[in-house]
Each structure stands twice: as structure tokens, then as C-alpha cells.
Amino acid sequence: MNITIVGSGYVGLVAGACFAEMGNYVSCVDKDIIKINNLKEGVIPIYEPGLSKMVKENIKKENINFTTNLESGIKGAEIVFIAVGTPMGADGSADLKYVLSVAKEIGEKMQDNIIIVDKSTVPVGTADKVRSVVESELKKRNSNLSFDIVSNPEF
Ligand SMILES: NC(=O)c1ccc[n+]([C@@H]2O[C@H](COP(=O)([O-])OP(=O)(O)OC[C@H]3O[C@@H](n4cnc5c(N)ncnc54)[C@H](O)[C@@H]3O)[C@@H](O)[C@H]2O)c1
């Protein structure tokens, strides 16, 4: 399958590498250009035993690639995972601004019918918020593309 992971941190990078190892074609998107340039060279920003070898092997097999460009990163994707951070807000609740900002960008840039997976750890009801943001962007574009939302938070 063609899979895109938006957010190449602890959760997104590990998920992306494992999906690639299973034979999927994975595009990892992150807005951090230094992180992406390092990942393209197989330089892993976190300590996770075996991950560096897995990423390097899958870069060679062309099962995984890294980009800062969400538009090209989601081109041809069947499933798009949102795996960005959800830092704790002042009241202790998860701050959804990064998740919703990615949802907006997906709605602006998607060119295919896709399944969007909320992989970030988010409260119940977030799938409805993500749906509403993506729908609103598609409406602005007069687009009849369709999408489904799956909730698969990392724990
Ligand atoms: N790290 C863990 O062990 C762990 C465990 C369980 C759940 N979680 C949850 O998983 C989610 C991700 O956590 P993490 O630890 O992987 O975070 P992280 O900070 O390591 O990675 C998040 C990445 O998202 C990128 N990002 C932010 N906004 C972006 C955007 N608009 N477009 C593209 N990339 C963007 C950041 O540059 C960063 O590289 C959070 O909801 C967290 O609570 C994490």
C-alpha cells in the first residue's frame, strides 16, 4: 500500500519504518527540514534499537522516503497518518493545534480519496474535528474528493 505519515518523530518515524519493512511504500513528511535532511541520509534523531538499520535498508529498497512537502508527500497515498505532537495545554488537556493544522493542509492539498488516521494521542471527539476541518477545505476547493477518518491513537 502507499502510506504517508505526517510527523516523523518518535511515533511517526517508528510506524513509518515498520510499515516500509512490511513492504509498503511509505512517505514520511515533517516540517523540520534538518530532521528530514538527516533522515534522507539515514541519520536517526532518536534512540530506538534497530531503527537506523531498518530505515537505511528501506531507503535502499525505495520503500521509504522523506520530505518536508506535504502536497507531494500525500500524492498517491491511500492512507495518511497524522502523527504530530499534542503537547499538554495549560489546563492539562491535549493541544490539538498541530493535528488540526495538518488536517487543514491535507484538505487543501489532497488529490485522491484517502483514509486519514489520527495516530496522535487525542481525546474522544477529535475525529469529528479533523473531519470538519478537512471537509471545510474541500468545500472551499469545490472538490468532491472523499475521505474516511480512523482513530488509532498511540498508547
Ligand atoms: N513518544 C512517545 O513515546 C509517545 C507514546 C504514546 C503516544 N505519543 C503521542 O504520539 C503523538 C506524536 O508524539 P511524538 O513523540 O512522536 O512527537 P514528536 O515531537 O517526536 O514528533 C512530532 C513531529 O511532528 C512534526 N510536525 C509538527 N507539526 C507538523 C506539521 N504541520 N507538518 C509536518 N510535521 C509536523 C514535528 O516537527 C515533529 O518532528 C503525540 O500525540 C504523543 O502524545 C507519543
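This section reports on the structure supplied with the text. Model, not experiment: these values are computed from the prediction.

Cut-offs used in this document
Residues numbered from 1 in each chain as written. Predicted model: local features only at pLDDT ≥ 70, side-chain atom pairs only at ≥ 80, totals over all residues. Heavy atoms only, no water. Helix = DSSP H or I, 4+ residues; strand = E, 2+ residues; numbered from the N terminus. Buried < 20%, exposed > 50% of the residue type's maximum accessible area, 1.4 Å probe, protein only. Contact = heavy atoms within 4.5 Å. Areas by Shrake-Rupley, 256 points an atom, 1.4 Å probe, with all protein chains shown as cover. Lys, Arg positive; Asp, Glu negative; His and termini not counted. Charge placed at Lys NZ, Arg CZ, Asp CG, Glu CD. Near = heavy atom within 4 Å. Polar contact = N/O pair within 3.5 Å; in protein donor to acceptor, adjacent residues only side chain to side chain. Nonpolar A, V, L, I, M, F, W, Y, C, P; charged D, E, K, R; others polar. Salt bridge = Lys/Arg side-chain N within 4 Å of Asp/Glu carboxyl O.

1. A look at the overall build of the chain
Each helix and strand counted, the chain has six helices and six strands in total. Going residue by residue from the N terminus, the α and β elements of the chain occur as β-α-β-α-α-β-α-β-α-β-α-β. Structurally, the chain occupies a C-alpha span of about 40 × 40 × 25 Å along its principal axes. The buried share of the chain, reckoned over its 155 residues, is 39%. Sequence-distant contacts in the chain: of pairs separated by 6 or more residues, those separated by 24 or more amount to 70%. Accessible surface for the chain amounts to roughly 8,400 Å². Of this, 52% is attributable to carbon and sulfur atoms. Positive and negative side-chain charges in the chain, numbering 17 and 20 respectively, have mean positions lying 3 Å apart.

2. Overview of the site of the ligand
The local shell around the ligand holds 18 residues, among which V11, D30, K35, T86 and T121 are the closest. In the model, an oxygen atom of the ligand is placed 3.1 Å from a nitrogen or oxygen of the Y10 main chain. Between the ligand and T86, the relevant distance is 2.5 Å, taken from an oxygen atom to a side-chain nitrogen or oxygen of the residue. For the ligand, whose accessible area on its own is 830 Å², the fraction buried by protein is 72%. Among the elements of the structure, α1 (10-21) and α5 (97-109) are those that each provide at least two residues to the shell around the ligand. Tallied by class, the residues present in the shell around the ligand amount to six nonpolar, seven polar and five charged.

3. Details of helix α2 (residues 33-40)
In this structure D32 caps α2, since a side-chain oxygen of it lies 3.1 Å from the backbone nitrogen of I34. In the stretch just after α2, G42 is the one whose phi turns positive, near 85°.

4. Notes on the side chain of D30
In this structure, D30 sits in the loop between β2 (25-29) and α2. Buried within the structure, D30 lacks any salt-bridge partner; K35 is the closest side chain of opposite charge, at an N-O distance of 4.4 Å. Polar side-chain contacts of D30 include one of 2.9 Å to the backbone nitrogen of D32. Not counting chain neighbours up to four residues away, the residues in contact with D30 comprise G7, S8, G9, K35, I36, T67 and T68.

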